[in-house]
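Architecture and fold: a report
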Amino acid sequence: MTLRVTEGEQRGWAVVQVSGEMDLVTSPVLRQRMHSAVADGRRDVVLDLSEVLFCDSSGVGVLIAGRRLIRSCQGRLRLILPAQGAVDGSHVNRVLGALGVRRLFDVYPDVDAAVADESSSLSA
């Protein structure tokens, strides 16, 4: 399976919707999209991962690197990780939890909630 990445905007946030599998082969697509968004001056990014069916360590690495990149520009990164989604529950949510890195991210159940939150808190 491949990774599909589409981008839009909502309330001033770049909204990047990701679907498919995030693995060693496909993760560079998301990495490049995040770098492009920052290069284009986007500092507030929502990654909608609710349709990601699989994520391995390279996918997690892209998320952590993306977080670091956006924070270095004083930006905000928010993840959409619903409790249920992508067929059998949010795979990415479970993977991040199992690796103990979920706390690094500001997590929301949907895009509307992510862009409506006016807080500018930086997670740990």
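Right above here is the structure, for reference.
**Focus: unusual backbone geometry**
The phi dihedral of Arg11 falls on the positive side, at around 50°, and the residue is not glycine. Mapping Arg11 onto the fold places it in the loop between strand E1 (3–10) and strand E2 (13–22).

**Considerations on the environment of Arg11**
For Arg11, a relative accessible area of 58% puts it in the exposed group. Once the C-alpha coordinates of Arg11 and Val115 are considered, the two residues, 104 residues apart in sequence, prove to be 6.4 Å apart. Apart from residues no more than four positions distant in its own chain, Arg11 is found in contact with Val115, Ala116 and Glu118.

**Considering the packing of helix H1 (residues 27–39) against helix H2 (residues 57–72)**
Look at H1 against H2: their axes get within 9 Å of each other, and the N-to-C directions meet at 10°. Between H1 and H2, the interaxial angle falls into the category roughly parallel. Touching Ser27, Leu30, Arg31, Met34, His35 and Val38 of H1 are Ser58, Gly59, Val62, Leu63, Ala65, Gly66, Arg67, Leu69 and Ile70, all from H2. Split into classes, the residues belonging to the contact of H1 with H2 amount to eight nonpolar, five polar and two charged.

Scoring rules and cut-offs
What you see as residue numbers is a count from 1 along each chain, following the sequence as written. pLDDT decides what is reported in this predicted model: residues at 70 or higher carry local features, side-chain atom pairs at 80 or more are listed and counted, and totals for whole chains, interfaces and linings draw on all residues regardless. Where side-chain values are given, they derive from all heavy atoms of the structure, hydrogens and water being excluded. Secondary structure is summarised from DSSP: a helix means a run of H or I of at least four residues, a strand means a run of E of at least two, and numbering begins at the N terminus for each. The classification of residues rests on relative accessible area computed with a 1.4 Å probe and restricted to protein chains. Under 20% of the type maximum is buried, over 50% is exposed, and intermediate values are partly exposed. Two residues form a contact once any of their heavy atoms are found within 4.5 Å. To obtain each axis, a line is fitted to C-alpha atoms, and for helices this fit is confined to the stretch in contact; angles are then taken between N-to-C directions over 0 to 180 degrees. The labels follow the angle: roughly parallel below 35 degrees, roughly antiparallel above 145, roughly perpendicular from 65 to 115, and oblique for the rest. Only Asp, Glu, Lys and Arg are considered charged, only Ala, Val, Leu, Ile, Met, Phe, Trp, Tyr, Cys and Pro nonpolar, and every remaining residue, Gly among them, polar.

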